Amino acid sequence: MRIAGMAGNRGRNLLNLADRAPGGATLAVVATDDADAPVLDDAADRGVPTEVVVPDADESRAEHERRLLDALGGYDVDLVCLDGYMRVLSETFLDAAPTALNVHPSILPAFPGADAHEQVLAAGVTVTGCTVHVVTEQVDGGPVVTQETVPVYGDDDAASLKRRVREEAEFLAYPRVVRWFAEDRVTVDGEDVTVDGDDGGEFPARRQTSGDRTRRLRYGENPHQEAALYESPTGPDAPASVVRAPQHNPGAKALSYNNYNDADHALDVVREYDDPAAVVVKHATPAGVAVADDVAAAYEDALATDPMSAFGGVVALNRVCDAATADAVTDSFKEVLVAPDYTESALDVLRASDNLRVLSVGSLDAGRDRLTTVDLVGGTLVQERDDWTPTAADLETVTERAPTEAEVETMLFAWRALKGVTSNGIVLAAGRETVGIGAGQVSRVDAVELAARKARTHAEGGGPEGAVMASDAFFPFPDGVEAAAAAGVEAVVQPGGSVNDEDVIAACDEHGVAMAFTGHRCFRHD
């Protein structure tokens, strides 16, 4: 798609379109009615042809527009984009030219005209933005194609508001509309504009988020980084969250950036289990996970995986914390404890630990947000949450020896724990507790060897011998299962799907290791 840009001054939106080429659209020419317009030099620097059509004092508007059409006639354009072109176009131009668009710096129909930012500030509104609309003879009144909002802050003046509307709204909305036109998704029928695919659902074509800063944090991941916490809007059925959790220990410090991150991660892991469960997290990685008949026993088993790494960690429970569990947690230094709620006797114990942050997140029955997000420079990744976990019926035995019922139960437990482990991830488990975790390795063999080493040197009363191993992705070669067998692992659960599956299966058969495929992987990269 080829665009004719028309500007009266700097034409920053046109230059942004030229630089971004949304949908492959190119700026074919820039026209202006002012021979001194700065956009001319900036367009020439980008290799974009320019046309200057200055109105004569004695010519009519229609005559000027016909000269403008003649100037643009040789560029074979598909779309006209205005940016600060301060002349009202008539039907002489609009009927002869392709669809013409303009961007106005307010949410029309509010605040039309040349002084939109001043009107916004005078009105005292807290939200403004921009509107991309089809150009008609009615000033700022053509049918709307899209809009984008920005907040108005208490210290804004016209200059700061103009800059933010341009950079945060116009530079987003105008390329969006051009891309839609380039993809042939826009239909203009008089006053009606429809856009194919600009619909809702879990992944809408446009995504707007809002959040209120609820607190400034002491610092970010490191002391030289500033940080703040923003809370998303919620309804009455909002899922349990550490963001909104009351803190029950008034003498403790406020949560840090890392505390929030680790606490959220721990809560995400412990929610995987229906039976009483506990997890200890350190640096956004589980140090131990366990399920038991009560949370006190679950915590003790989770801690036993790696008590050295658990020092200064975050603990999450999926049941109300009682006094016995509180006693166990406070027996060694922990930063944060997360639970649905606490008994009064448990709070009496926990409040005696000055440095322990105690959060109650409420019932876990509301589930979790369906989508997860990761911010990137210039964008956001959005995906469905990984809610899939295997049942016994989902496991496909692929080795000569089938796993025992006890090994199957451990496989299912280990897979849920594995979902909280950064890839490449390996979990070694015995019964319903982890004994070794290898997280965040670039080699799957390294992850196996790390999990086995930690099980051998750190686990209390456990080790890799006789353990079940869970892997978050397939083994590309037999070396991973060979390393596991050498450490004493007796059963493996993994997704399968490697071109070398037969060699991996043969290695398991050679060592008498049972193996089952899930058909799903559970990578985690955040």
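S.K.: Would you take a moment to explain the overall build of the protein chain for this structure?
M.R.: Looking only at helices and strands, the protein chain features 15 helices and 24 strands. Here the protein chain has a C-alpha radius of gyration of 31 Å; the compact-globule value for 526 residues is 24 Å, and the former is much larger. Overall size of the protein chain, expressed as C-alpha extent along the three principal axes, is 95 × 60 × 40 Å. Here the protein chain holds 526 residues, and the buried ones make up 50% of them. The long-range fraction of contacts in the protein chain, counting pairs at least 24 apart against all pairs at least 6 apart in sequence, stands at 55%. If you average the places of the 43 positive and of the 90 negative side-chain charges in the protein chain, the two averages end up 5 Å apart.

S.K.: Would you mind going over the packing of aromatic side chains with me for this structure?
M.R.: Given two aromatic rings, their pairing is described by the distance between the two centres and the angle made by the two planes. What the rule picks out here adds up to three aromatic pairs. Between Trp388 and Trp415, the aromatic rings sit 6.4 Å apart at their centres with planes inclined by 90°, giving edge-to-face as the arrangement. Placement of the pair is Trp388 in the loop between β18 (379-384) and β19 (396-397) and Trp415 in helix α12 (residues 405-418), with a sequence separation of 27 residues. On the basis of relative accessible area, Trp388 is assigned to the partly exposed category, the value being 25%. Given the relative accessible area of 1%, Trp415 is considered buried.

S.K.: How should the sheet that holds strand β5 (residues 100-104) be read in this particular structure?
M.R.: Taken in spatial order, the seven strands make up an open sheet running β3-β2-β1-β4-β5-β6-β7, and their pairing is mixed. Of all strands in the sheet, those bounded by a partner on one side alone are β3 (50-52) and β7 (144-151). Mean inter-strand twist for the sheet, computed between neighbouring axes without regard to direction, equals 20°. Bridge analysis of β5 against strand β6 (residues 127-134) gives four bridges, and the strand direction is antiparallel. Within β6, the position partnered with Asn102 by the bridge is His133. Against the sheet, helix α6 (residues 158-182) makes contact with β1 (2-7), β4 (79-83), β5, β6 and β7, and its axis sits at roughly 150° relative to β7, the strand it touches most.

S.K.: It is not clear to me how the pattern of salt bridges should be interpreted in this structure. Could you clarify?
M.R.: Pairing between side chains of opposite charge can happen when the charged atoms of each approach one another. For the structure shown, the criterion picks out 24 salt bridges. Notably, a salt bridge pairs Arg370 with Glu202, separated by 3.1 Å at the nearest N-O pair. With a gap of 168 residues between them, Arg370 in the loop between β16 (357-360) and β17 (371-376) and Glu202 in the loop between β9 (192-195) and β10 (212-217) connect regions that are remote in the sequence. On the accessibility criterion, Glu202 (34% relative accessible area) is partly exposed. Close ionic contact of Arg357 with Glu335 constitutes a salt bridge, the shortest N to O distance being 2.3 Å.

S.K.: Can you walk me through the layout of surface pockets in this structure?
M.R.: It is a probe the size of a water molecule, rolled over the atoms, that shows where empty space is left. As a volume, the second largest pocket reaches approximately 940 Å³. For the lining of the second largest pocket, the secondary structure elements donating two or more residues are α1 (12-20), β4, β5, α5 (116-123) and α6. At four residues, α6 tops the list of elements feeding residues into the lining of the second largest pocket. In the lining of the second largest pocket, the residues fall into twelve nonpolar, twelve polar and ten charged.

S.K.: Hey, could you run me through the side chain of Lys454 in this one?
M.R.: Relative to the helices and strands, Lys454 resides in helix α13 (residues 444-457). Each residue touching Lys454, except ones within four places of it in the same chain, is listed here: Asp306, Ser309, Val435, Ile437 and Ala459.

S.K.: Sorry if this is basic, but what is going on with the environment of Ala278 here?
M.R.: Among the secondary structure elements, Ala278 is positioned in strand β12 (residues 277-282). When near neighbours in sequence (up to four residues on either side) are disregarded, Ala278 contacts Val270, Gly288, Val289, Ala290, Ala298, Tyr299, Ala302, Ala316 and Leu317.

S.K.: Which parts of the structure should I look at to understand the packing of α5 against α6?
M.R.: When two helices pack together, their arrangement is captured by the angle between the axes and the distance separating the axes. Across the interface, α5 lies against α6 with an axial gap of 9 Å and an inter-helix angle of 115°. Considering their axes alone, α5 and α6 lie roughly perpendicular with respect to each other. Every pair of crossing elements has a handedness; the one defined by α5 and α6 is right-handed. Taken together, the residues of α6 that come into contact with α5 (itself represented by His117, Glu118, Val120 and Leu121) are Ala158, Leu161, Lys162 and Val165. Counted by class, the contact of α5 with α6 contains five nonpolar, one polar and two charged residues.

S.K.: Honestly, the environment of Ala169 in this entry has me stumped. Any pointers?
M.R.: Positionally, Ala169 belongs in helix α6. Distance from Ala169 to Val80, taken between C-alpha atoms, is 20 Å for residues 89 residues apart in sequence. Setting aside chain neighbours within four positions, we find Ala169 in contact with Gly129, Cys130, Glu148, Val150 and Arg164.

Conventions and cut-offs
Residues numbered from 1 in each chain as written. Predicted model: local features only at pLDDT ≥ 70, side-chain atom pairs only at ≥ 80, totals over all residues. Heavy atoms only, no water. Helix = DSSP H or I, 4+ residues; strand = E, 2+ residues; numbered from the N terminus. Rg over C-alpha atoms; globule rule 2.2 N^0.38 Å. Buried < 20%, exposed > 50% of the residue type's maximum accessible area, 1.4 Å probe, protein only. Contact = heavy atoms within 4.5 Å. Lys, Arg positive; Asp, Glu negative; His and termini not counted. Charge placed at Lys NZ, Arg CZ, Asp CG, Glu CD. Phe/Tyr/Trp six-rings, centres within 6.5 Å; stacked < 30°, edge-to-face > 60°. Pairing = 2+ DSSP bridges. Axes fitted to C-alpha atoms, helices over the stretch in contact; angles between N-to-C directions. Salt bridge = Lys/Arg side-chain N within 4 Å of Asp/Glu carboxyl O. 1 Å grid on protein atoms, 1.4 Å probe; cavity = no way out; pocket = protein on both sides within 12 Å on 5 of 7 lines; lining within 4 Å. Points joined across faces, edges and corners; volume = space filled by probe spheres on them. Nonpolar A, V, L, I, M, F, W, Y, C, P; charged D, E, K, R; others polar. Parallel < 35°, antiparallel > 145°, perpendicular 65-115°, else oblique. Left-handed = near helix turned anticlockwise from the far one by under 90°.

Remember that the coordinates give geometry; whether it matters functionally is a separate question.
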